[in-house]
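Here are the chains, one letter per residue:
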Amino acid sequence: MRGAREIGFTVVSLTLSLIAVLIPLLFMTGLVGRMFREFALTLTIAVVTSAIVSLTLTPMMCSRLLRHSDGADNPVTRAFNRAVDRMVEAYQRGLERVLRHQTLTLLITLAHDRSHDLLYVVMPKGFLPQQDTGLITAVAEAGPEVSFVEMQRLVGKVVEAIKHDPDVIGAWR
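Worth saying up front: this structure is predicted, and the values here are computed from it rather than measured.

So, the overall build of the protein
- Of regular secondary structure, the protein possesses six helices and zero strands.
- Taken along the three principal axes of its C-alpha coordinates, the protein extends 85 × 50 × 35 Å.
- The burial tally for the protein puts 9% of its 173 residues in the buried class.
- Taking the intrachain contacts of the protein between residues at least 6 apart in sequence as the baseline, contacts between residues at least 24 apart amount to 41%.
- Accessible surface, the protein: about 15,200 Å² in total, of which carbon and sulfur atoms supply 67%.
- On the protein, the mean spot of the 18 positive side-chain charges and the mean spot of the 16 negative ones are 8 Å from each other.

Structural data, given as structure tokens:
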């Protein structure tokens, strides 16, 4: 219970934030909306399920499975702790280096941001690729017993049916 209380606010706030980000995708219309609706719904359900598990099952399992020990007798734990200590030391050295050269760090950060601005202007934008012409090619097949004249008649019926679709601008044989 104490563990669930300690993480409760963080889990709930992260869950609500993620759902708030996904809600607009649920209500989008058009092609983009159709493409992202299931994605957003799946992620929303997964995030809510994860929050429920984080607040109920995980603390309960930790109370039952984890034991209070320093792990000094376990070689795997000692190796893991050494690896974590080395990573912390490397991070500390890097942070100290950055803090010693604050002006250079700021200049590099600004140059990096400006390069993103330049790429935003130069890179092509748009949801659908430029080479999409909106053209769909259809192939009609029939058995060997169908004559050429009959095949032309059947293809003509297919073309007429396609022309009646309101989303079709034109159809050719």
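So much for the structure itself; the text now carries on.
Some thoughts on the layout of surface pockets
- In this structure, the second largest pocket encloses a volume near 330 Å³.
- Forming the boundary of the second largest pocket are 14 residues, of which Met1, Gly3, Pro59, Cys62 and Ser63 lie nearest the centre.
- A class-by-class count of the residues in the lining of the second largest pocket yields seven nonpolar, four polar and three charged.

What to know about the pattern of salt bridges
- Under the defined criterion, the tally for this structure stands at three salt bridges.
- A salt bridge links arginine 114 to aspartate 117; its shortest N-O distance comes to 3.0 Å. Of this pair, arginine 114 and aspartate 117 both sit in helix H5 (residues 102-122), three residues apart, which is roughly one turn of that helix.
- The partner of glutamate 150 in a salt bridge is arginine 153, and the shortest N-O contact between them spans 2.6 Å. Placement of the pair is glutamate 150 and arginine 153 together in helix H6 (residues 148-163), with a separation of three residues, close to one helical turn.

So, how was this worked out
Residues numbered from 1 in each chain as written. Predicted model: local features only at pLDDT ≥ 70, side-chain atom pairs only at ≥ 80, totals over all residues. Heavy atoms only, no water. Helix = DSSP H or I, 4+ residues; strand = E, 2+ residues; numbered from the N terminus. Buried < 20%, exposed > 50% of the residue type's maximum accessible area, 1.4 Å probe, protein only. Contact = heavy atoms within 4.5 Å. Areas by Shrake-Rupley, 256 points an atom, 1.4 Å probe, with all protein chains shown as cover. Lys, Arg positive; Asp, Glu negative; His and termini not counted. Charge placed at Lys NZ, Arg CZ, Asp CG, Glu CD. 1 Å grid on protein atoms, 1.4 Å probe; cavity = no way out; pocket = protein on both sides within 12 Å on 5 of 7 lines; lining within 4 Å. Points joined across faces, edges and corners; volume = space filled by probe spheres on them. Nonpolar A, V, L, I, M, F, W, Y, C, P; charged D, E, K, R; others polar. Salt bridge = Lys/Arg side-chain N within 4 Å of Asp/Glu carboxyl O.

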